[in-house]
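# Notes for the structure review
Listed below, chain by chain, are the residues.
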Amino acid sequence: MEKEVVISAARQALVCFFFSNVTLIMCFLSGEFLGSTSELWALKYWGPAFYFCLINFILKYLYKGFIYEVSIRASGLGAVMAVGFYLVFFDNGLKVLGLYIVALTFFHFSEFVAVALTNPRTVTIDSFILNHSVQYAVAAVASWIEWTIEFYFFPGMKTYFWLSSVGVLMCFGGECLRKSAMFTAKTNFTHTVQFVKHPDHQLVTHGVYAMCRHPSYVGWFYWSIGTQIILLNPVCVVIYTLVSWVFFRERVYAEEMTLLAFFGSEYAEYQRKVGTGLPFIRGYIPENVKQKVKDEHWSY
């Protein structure tokens with residue numbers, strides 16, 4: 001895709017995301033500043049739905065094709081983040097749900113923008129990674145179900161806000177590390193394991209890559225666990241940790257097979273000097289070459 005089109009799409013995403021977010025937040029907070037009459041109640045709760053529909057109608061009228069698809073997703077993520085911001089002001093378990101929503105929506109939005117700015121030739125609608133995989137969707141729904149059950153039967157479980165704050169810090173740190181990796185690697189970063197070495201494909205070993213071989217995976221690993229600590233989901237914290245570890249163990253192994261094929265001894269030397277960054281994950285090294293790789297780890 002042409003760079004100019006992608007940059008334009010990134011700008012459009014930023015505008016739609018923040019406009020939708022700010023508009024809905026203003027609706028939600030109107031009752032807090034102006035009172036709670038029946039008319040303001042309608043503005044507070046029906047207003048966001050009305051404005052969201054209006055925004056999407058305008059986008060549908062003004063834009064077509066790729067720009068429209070980007071706009072509608074960015075607008076939707078901005079609207080959902082506004083709901084999260086509103087819930088953060090509650091003093092019960094809804095507060096942690098709000099923090100989780102903010103972390104989740106920002107992750108998906110920033111993922112698209114980061115790819116658009118660093119590697120525009122690879123940008124697609126899938127760069128939002130909203131449809132990452134069936135497993136990703138199942139994991140998300142499972143966390144929502146656990147939060148709902150525990151909030152209903154054991155509401156006190158969801159009020160350890162200090163612990164939820166630890167999850168916020170993990171998500172923030174994971175986001176920063178992942179995005180730093182993307183901006184450091186630039187065109188060398190993709191969401192898919194590459195089979196063919198492009199002429200401009202280089203081995204990146206500076207910046208955050210000097211600290212660990214797979215900073216983007218490390219960031220995502222701790223971000224995913226952090227989301228469940230935010231929600232105070234004890235069951236999903238354990239499950240997410242185990243499942244994420246298995247996923248990245250196999251993904252790193254698959255990716256390093258291709259990196260060794262691309263860069264040979266240069267990458268082997270890099271492996272000897274720098275670890276993967278993921279706990280107890282060694283990657284594809286001479287002492288660990290019999291690990292099996294599932295087909296899905298060669299794709300998105």
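Parameters at a glance
The numbers attached to residues start from 1 for each chain and follow its sequence in the written order. pLDDT decides what is reported in this predicted model: residues at 70 or higher carry local features, side-chain atom pairs at 80 or more are listed and counted, and totals for whole chains, interfaces and linings draw on all residues regardless. Processing note: side-chain calculations cover all non-hydrogen atoms of the structure and skip hydrogens and water entirely. UniProt positions are given in the numbering used here, feature names are shortened, and annotations may be inferred rather than shown by experiment. For helices the rule is a DSSP run of H or I covering at least 4 residues; for strands it is a run of E covering at least 2, with both sets numbered from the N terminus onward. The length a helix should cover is 1.5 Å for every residue beyond the first. Surface patches are defined over residues having more than 30% relative accessible area and no salt bridge, joining like charges when they lie within 9 Å and nonpolar side chains (Val, Leu, Ile, Met, Phe, Trp, Tyr) when within 5 Å. For the accessible areas, the method is Shrake-Rupley and the probe is 1.4 Å, while residue cover comes only from the protein chains on display. When a carboxyl oxygen of Asp or Glu is within 4 Å of a side-chain nitrogen of Lys or Arg, the pair counts as a salt bridge. Exposed residues in this analysis have more than 50% of their type's maximum accessible area, buried residues have under 20%, and partly exposed residues fall in between, with area computed by a 1.4 Å probe over protein chains only. For helices, the fitted axis covers only the stretch in contact; all axes are lines through C-alpha atoms, and the angles between them, taken along N-to-C directions, range from 0 to 180 degrees. Should an angle fall under 35 degrees it is taken as roughly parallel, and over 145 as roughly antiparallel, whereas 65 to 115 is taken as roughly perpendicular and any remaining angle as oblique. Take the far helix as your reference; a near helix turned counterclockwise from it by less than a right angle gives a left-handed crossing, and one turned clockwise gives a right-handed crossing. Contact between two residues is taken to exist if any of their heavy atoms lie within 4.5 Å; hydrogens are not considered. For this classification, Asp, Glu, Lys and Arg are treated as charged, while Ala, Val, Leu, Ile, Met, Phe, Trp, Tyr, Cys and Pro are nonpolar and the rest, including Gly, are polar. The distinction between a cavity and a pocket rests on a 1 Å grid over the protein atoms alone: a 1.4 Å probe fits inside a cavity but cannot get out, while a pocket stays open yet meets protein on both sides within 12 Å along at least five of seven lines, and a residue with an atom within 4 Å of a point counts as lining. Grid points are joined across faces, edges and corners, and a volume is the space filled by probe spheres set on the points. Nonpolar cores are built from buried Ala, Val, Leu, Ile, Met, Phe, Trp, Tyr and Cys residues. Side-chain atoms within 4.5 Å join them into one set. Think of a polar contact as two N or O atoms within 3.5 Å of one another; within protein, one of them needs to be a possible hydrogen donor and the other a possible acceptor, and neighboring residues in sequence only count if both atoms come from side chains. Between rings of Phe, Tyr and Trp, where Trp is taken as its six-membered ring, a pair exists when centres lie within 6.5 Å; planes separated by under 30 degrees are stacked, by over 60 edge-to-face, and by other angles tilted. Lysine and arginine charges are scored as sitting over a ring when NZ or CZ, respectively, is within 6 Å of the ring centre and within 35 degrees of the ring normal.

## Observations concerning the UniProt feature "transmembrane region" (unreviewed entry) in the chain
Here the UniProt feature "transmembrane region" (unreviewed entry) sits at residues 12-33, 45-63, 70-90, 96-117, 129-147 and 220-248. Annotated as 100% helix and 0% strand, the span residues 96-117 places its first and last C-alpha atoms 31 Å apart. What you have in residues 129-147 is 74% helix and 0% strand, and the ends, taken at the C-alpha atoms, are 23 Å apart.

## What to know about helix H8 (residues 234-263)
Taking 1.5 Å per residue as the helical rise, H8 with its 30 residues ought to reach 44 Å, and the 42 Å between its terminal C-alpha atoms agrees with that figure. Once H8 ends, the next one or two residues include Gly264, with phi positive near 55°.

## Focus on a nonpolar patch on the surface
A grouping of Phe50, Tyr51, Leu54, Phe57, Ile58, Tyr61 and Leu62 is seen on the molecular surface, where their side chains present a nonpolar patch of about 770 Å² in accessible area. Within the fold, Tyr51 resides in helix H2 (residues 38-62). Under the relative-accessibility criterion, Tyr51 is labelled partly exposed at 31%.

## Quick look at the packing of helix H3 (residues 65-88) against helix H4 (residues 93-118)
Taken N-terminus to C-terminus, the directions of H3 and H4 make an angle of 160°; their axes are 7 Å apart at the nearest point. Considered as vectors, H3 and H4 are oriented roughly antiparallel to each other. Judged by the sense of rotation from one axis to the other, the crossing of H3 with H4 is left-handed. Contacts between H3 and H4 pair Phe66, Val70, Ala74, Leu77, Val80, Met81, Gly84, Phe85, Leu87 and Val88 from the former with Leu94, Lys95, Leu97, Gly98, Leu99, Ile101, Val102, Thr105, Phe106, His108, Phe109 and Phe112 from the latter. Considered class by class, the residues forming the contact of H3 with H4 number 17 nonpolar, four polar and one charged.

## Quick word on empty space enclosed by the protein
The tally for this structure, following the rule as stated, stands at one cavity of 30 Å³ or more. By volume, the largest cavity is sized at about 530 Å³. Lining the largest cavity are 35 residues, and of these Asn188, Phe189, Thr190, Tyr217 and Glu255 sit closest to its centre. When the residues that make up the lining of the largest cavity are grouped by side-chain class, the tally is 17 nonpolar, 13 polar and five charged.

## Describing the nonpolar core
The biggest cluster of nonpolar side chains holds 71 residues, and the ones touching the most others in it are Val70, Phe112, Tyr209 and Leu278. Secondary-structure elements contributing two or more residues to this core are helix H1 (3-34), H2, H3, H4, helix H6 (161-185), helix H7 (215-231), H8 and helix H9 (265-273). Look past the residues within four positions of Tyr209 in its chain and what remains in contact with it is Ala181, Thr184, Ala185, Phe189, Val204, Pro215, Tyr270 and Val274.

## Quick look at the side chain of Glu256
Among the secondary structure elements, Glu256 is positioned in helix H8. The exposure class assigned to Glu256 is buried, which follows from its relative accessible area of 0%. A polar side-chain atom of Glu256 sits 2.9 Å from the main-chain amide nitrogen of Tyr284. In contact with Glu256, not counting residues within four places along its chain, are Arg213, His214, Tyr267, Gln271, Thr276, Arg282, Gly283 and Tyr284.

## What to know about unusual backbone geometry
Even without glycine at this site, Ile129 takes up a positive phi of about 45°. When you line up the elements, Ile129 lands in the loop between H4 and helix H5 (134-153). Of note in this structure, Leu232 is not a glycine but carries a positive phi near 55°. As for its placement among the helices and strands, Leu232 is situated in the loop between H7 and H8. Classification of Leu232 as buried rests on a relative accessible area of 8%.

## Quick word on the packing of aromatic side chains
Between two aromatic rings, the relevant description is the distance of the centres plus the angle of the planes. Inspection of the entire model under this criterion finds 18 aromatic pairs. Centre to centre, the rings of Phe153 and Phe154 are 6.5 Å apart; their planes meet at 50°, and the pair counts as tilted. Judged by its relative accessible area of 55%, Phe153 falls in the exposed class. Among the residues examined, Phe154 registers a relative accessible area of 49% and is labelled partly exposed. By way of ring pairs, the aromatic residues Phe107, Tyr217, Trp220, Phe221, Tyr222, Trp223, Phe247 and Phe248 are connected into one cluster. Above the plane of the ring of Phe161 lies Lys95, whose end atom (NZ or CZ) is 5.7 Å from the centre.

## Focus: the environment of Pro279
By the secondary structure assignment, Pro279 is in the segment after H9. Look at Pro279 and you get partly exposed, because its relative accessible area is 27%. Considering only alpha carbons, one finds Pro279 and Val218, 61 residues apart in sequence, at a separation of 9.1 Å. Apart from residues lying up to four places away in sequence, Pro279 is in contact with Phe221, Tyr222 and Trp245.

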